[in-house]
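Structure assessment
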Amino acid sequence: QVQLVESGGGLVQAGGSLRLSCAASGRIFAAMGWFRQAPGKEREFVAAITTGDSTSYRESVKGRFTISRDYAKNTLYLQMNNLEPEDTAVYYCATKFGSLLPTTRINDINAWGKGTLVTVSS
């Protein structure tokens, strides 16, 4: 059983920064990532990282967001800079057996955290 617990969300002005953390316990799969869900919208891929530290991002966050992981602490991070109001959403940590790609279907994710809310004001 894997448990994922996110933290670090909050209210920030446009142009500001936040760092999200995801503390993982139990069986962790090779691929981990972040998704987000804005009000009234579907959950969408944000970023992913493999055990080889290969990363991928959705186009709209490239150059602003950085995903990383600390293996010793079993923690996943998402550094978010130059935040925009369009980034407002609940952010979810996820892990998956095998690859986690921008095209990965939501139903193929093996475990989710409960989410942390990020609100960016204009």
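Residues numbered from 1 in each chain as written. Predicted model: local features only at pLDDT ≥ 70, side-chain atom pairs only at ≥ 80, totals over all residues. Heavy atoms only, no water.

For the rest of this paragraph, the subject is the nonpolar core. Ranked by size, the top nonpolar core spans 27 residues in total, and within it W34, L78, M80 and Y91 carry the most contacts. Taken together, the elements giving at least two residues each to this core come down to β1 (2-7), β3 (18-26), β4 (31-37), β5 (44-49), β7 (65-70), β8 (75-80), β9 (89-96) and β11 (116-121). Here this core takes four residues from β3, the largest share from any one element. By size, the runner-up hydrophobic cluster in this structure holds seven residues, among which are F35, F45, A94 and I109. (Core = buried A, V, L, I, M, F, W, Y, C linked by side-chain atoms within 4.5 Å. Buried < 20%, exposed > 50% of the residue type's maximum accessible area, 1.4 Å probe, protein only. Helix = DSSP H or I, 4+ residues; strand = E, 2+ residues; numbered from the N terminus.)

Scanning the entire structure with this criterion turns up three aromatic pairs. Judged by centre distance (5.1 Å) and plane angle (75°), the ring pair of F35 and W112 falls under edge-to-face. Taken as a pair, F35 in strand β4 and W112 in strand β10 (residues 111-112) lie far apart in primary sequence, 77 residues in all. Considering the side-chain rings of Y92 and W112, the 6.3 Å spacing of their centres and the 85° angle between planes classify their relative orientation as edge-to-face. Taken together, the residues Y92 in strand β9 and W112 in strand β10 connect sequence positions 20 residues apart. (Phe/Tyr/Trp six-rings, centres within 6.5 Å; stacked < 30°, edge-to-face > 60°.)

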